[in-house]
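A structural walkthrough
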Amino acid sequence: MRLPQDIIIKPYITEKSNMEIGAGKYTFVVDVKSTKTEIKKAIEALFSVKVLQVNTMNFDGKVKRTGVHEGPRPAWKKAIVKIDTDPKSVEYLTKGGKTVSNNKKYKTSIEEFGVAQ
């Protein structure tokens, strides 16, 4: 199993991603081989938030030229993660009919993202 730091490479900060922070959507550059499930677990482990949805996009590397030399840039993957901005405790019944609630504390935003909101 890979570490969460190996899956999440860096935040992807643009004008559009800054506008979506209010809706609870954060954009990250992630490892090309990572899956949606791995991204969800990595975000929850790193930032202590509840992830509702993960959307991913793959980008091919462009061919760039420097002088007479030509070479490809690496391919990369972008993930848009939607977090729960109003987390509630989960209640369920045990075998004896007793009600138990899960009081896990989740954050409502990611302060480490690098954008003042």
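Our structure's up above, just so we're on the same page.
Overview of the structure. Just so it is clear, the model here is predicted, and its values are computed rather than measured. (Residues numbered from 1 in each chain as written. Predicted model: local features only at pLDDT ≥ 70, side-chain atom pairs only at ≥ 80, totals over all residues. Heavy atoms only, no water.)

Our focus in this paragraph is the sheet that holds strand S1 (residues 8–11). Strand order in this open sheet of four strands is S1-S2-S6-S3, and the pairing throughout is antiparallel. With partners counted over all chains shown, the strands left at the sheet margins are S1 and strand S3 (51–59), one partner each. The mean inter-strand angle of the sheet, taken between neighbouring strand axes irrespective of direction, is 30°. Here S3 pairs with strand S6 (residues 76–83) via eight bridges, running antiparallel. The residue bridging Gln53 from the neighbouring strand is Lys82, located in S6. (Pairing = 2+ DSSP bridges. Helix = DSSP H or I, 4+ residues; strand = E, 2+ residues; numbered from the N terminus. Axes fitted to C-alpha atoms, helices over the stretch in contact; angles between N-to-C directions.)

Inspection of the entire model under this criterion finds two salt bridges. Note that Arg2 is salt-bridged to Asp31, the shortest N-O span being 2.3 Å. In this pair, Arg2 is assigned in the segment before helix H1 (4–7) and Asp31 in the loop between strand S2 (25–30) and helix H3 (36–47), connecting sequence segments 29 residues apart. Here Arg2 and Glu38 are joined by a salt bridge, their closest N and O atoms 2.9 Å apart. Residue Arg2 is found in the segment before H1, and its partner Glu38 is found in helix H3; the two are separated by 36 residues along the sequence. Taking the relative accessible area as the measure of exposure, Arg2 reaches 30% and is therefore partly exposed. Exposure remark for Glu38: the relative accessible area of 29% places this residue in the partly exposed category. Connected through salt bridges with shared partners, the residues Arg2, Asp31 and Glu38 form a single ionic network. (Salt bridge = Lys/Arg side-chain N within 4 Å of Asp/Glu carboxyl O. Buried < 20%, exposed > 50% of the residue type's maximum accessible area, 1.4 Å probe, protein only.)

Turning to unusual backbone geometry, a few remarks are in order. What is expected of a backbone is that most residues other than glycine have negative phi and most peptide bonds are trans. In this model, Ser48 sits at a positive phi of 55°, which is unusual for a non-glycine residue. Accessibility expressed as a relative area gives 35% for Ser48, which makes it partly exposed.

A few words now on the nonpolar core. Formed by 17 residues in total, the largest nonpolar core has its most connected members in Ile8, Phe28, Ile39, Ile43, Val49, Val81 and Ile110. For this core, the element with the highest residue contribution is H3, accounting for four residues. Here Ile8 is in contact with Phe28, Val29, Val30, Ile39, Ala42, Ile43 and Leu46, once residues within four sequence places are set aside. (Core = buried A, V, L, I, M, F, W, Y, C linked by side-chain atoms within 4.5 Å. Contact = heavy atoms within 4.5 Å.)

To continue, consider the packing of aromatic side chains. In the structure shown here, the tally under the stated rule is three aromatic pairs. Between Phe28 and Phe47 the ring centres are 5.8 Å apart and the planes differ by 25°, which places this aromatic pair in the stacked class. Of this pair, Phe28 sits in strand S2 while Phe47 sits in helix H3, and the two are 19 residues apart along the sequence. For the pair formed by Phe28 and Phe47, the shared burial category is buried. Pairwise contacts between aromatic rings join Tyr12, Phe59 and Trp76 into one cluster. (Phe/Tyr/Trp six-rings, centres within 6.5 Å; stacked < 30°, edge-to-face > 60°.)

A few words on the environment of Met19. Along the chain, Met19 falls in helix H2 (residues 15–20). In this structure, the C-alpha to C-alpha distance between Met19 and Lys107, residues 88 residues apart in sequence, is 19 Å.

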